[in-house]
Amino acid sequence: MAKKKRLNKAEKQKRENMKWVYMFVVLVITLTVYFAAFVEADKTQASIDFNKKTLTKLNEDLTLKKNSIERMKRADVISKKAKEIGLVPSNPETIIININD
């Protein structure tokens, strides 16, 4: 069996330094990944909030347009607009249906 080589002080210090460098690199990589994930989550949340606000605004605009269209369908509004552009109003006709028994 081979004898285990004894490490001198310089080699022990070198190994200890390598352990600390390795731990430091792992810590930096871990923090970088954590902050990158945090920033992406923040961007995603901001995008979701913006999209919700936009959706709310578009729904309000759509409701206003629907109300405007419904108002334009009323007979009194139609006749008023027709008079403004010079159309002659039609006279209603009465239809009588005789039913013989």
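What you are looking at is a predicted structure, and each value in this text was computed from that prediction instead of being measured.

Rules used throughout
- Position numbers for residues start from 1 in each chain and track the written sequence from start to end.
- With pLDDT at 70 or above as the cut-off, local features in this predicted model cover only qualifying residues; side-chain atom pairs require 80 or more to be listed or tallied, and sums for whole chains, interfaces and linings still use all residues.
- As a rule here, side-chain values cover all heavy atoms of the structure and leave hydrogens and water aside.
- What counts as a helix is a DSSP run of H or I of at least four residues, what counts as a strand is a run of E of at least two, and both are numbered from the N terminus.
- For the radius of gyration, the atoms used are the C-alpha atoms, and the globule rule reads 2.2 Å times the number of residues raised to 0.38.
- Using the Shrake-Rupley algorithm and a 1.4 Å probe, accessible areas are obtained, with residue cover drawn only from the displayed protein chains.
- Only four residue types enter the tally: Lys and Arg on the positive side, Asp and Glu on the negative side, with His and both chain ends excluded.
- Just so you know, the charge point we use is NZ for Lys, CZ for Arg, CG for Asp and CD for Glu.
- Throughout this description, the term salt bridge denotes a Lys or Arg side-chain nitrogen within 4 Å of a carboxyl oxygen of Asp or Glu.
- Patch membership needs two things, relative accessible area over 30% and no salt bridge, and members are linked within 9 Å if like-charged or within 5 Å if nonpolar (Val, Leu, Ile, Met, Phe, Trp, Tyr).
- Each residue is assigned to one of three classes by its accessible area relative to the maximum for its type, calculated with a 1.4 Å probe on protein chains only: buried under 20%, partly exposed between the two thresholds, exposed over 50%.

Draft legend 1. Quick look at the overall build of the protein. Scanning the protein for helices and strands turns up 2 helices and 0 strands. What you see for the protein is a C-alpha radius of gyration of 41 Å, clearly larger than the 13 Å of a compact globule of 101 residues, by over 25%. With the C-alpha coordinates aligned to their principal axes, the bounding extent of the protein is approximately 130 × 45 × 15 Å. With the model as given, the accessible surface of the protein reaches about 10700 Å², and the carbon-plus-sulfur share is 63%. For the protein, the distance from the average site of its 21 positive side-chain charges to the average site of its 12 negative ones is 23 Å.

Draft legend 2. Looking closely at the pattern of salt bridges. With the rule as written, the count across this model stands at 2 salt bridges. Two residues, Asp 61 and Lys 57, come together in a salt bridge whose shortest N-O distance is 3.8 Å. One end of the pair is Asp 61 and the other is Lys 57, both in helix H1 (residues 9-72) and 4 residues apart, which spans about a single turn.

Draft legend 3. Here's a closer look at a nonpolar patch on the surface. A cluster of nonpolar side chains, contributed by Val 21, Phe 24, Val 25, Val 28, Ile 29 and Val 33, occupies part of the molecular surface with about 540 Å² of accessible area. Within the secondary structure, Val 21 sits in helix H1. The class for Val 21 is partly exposed, based on a relative accessible area of 47%.

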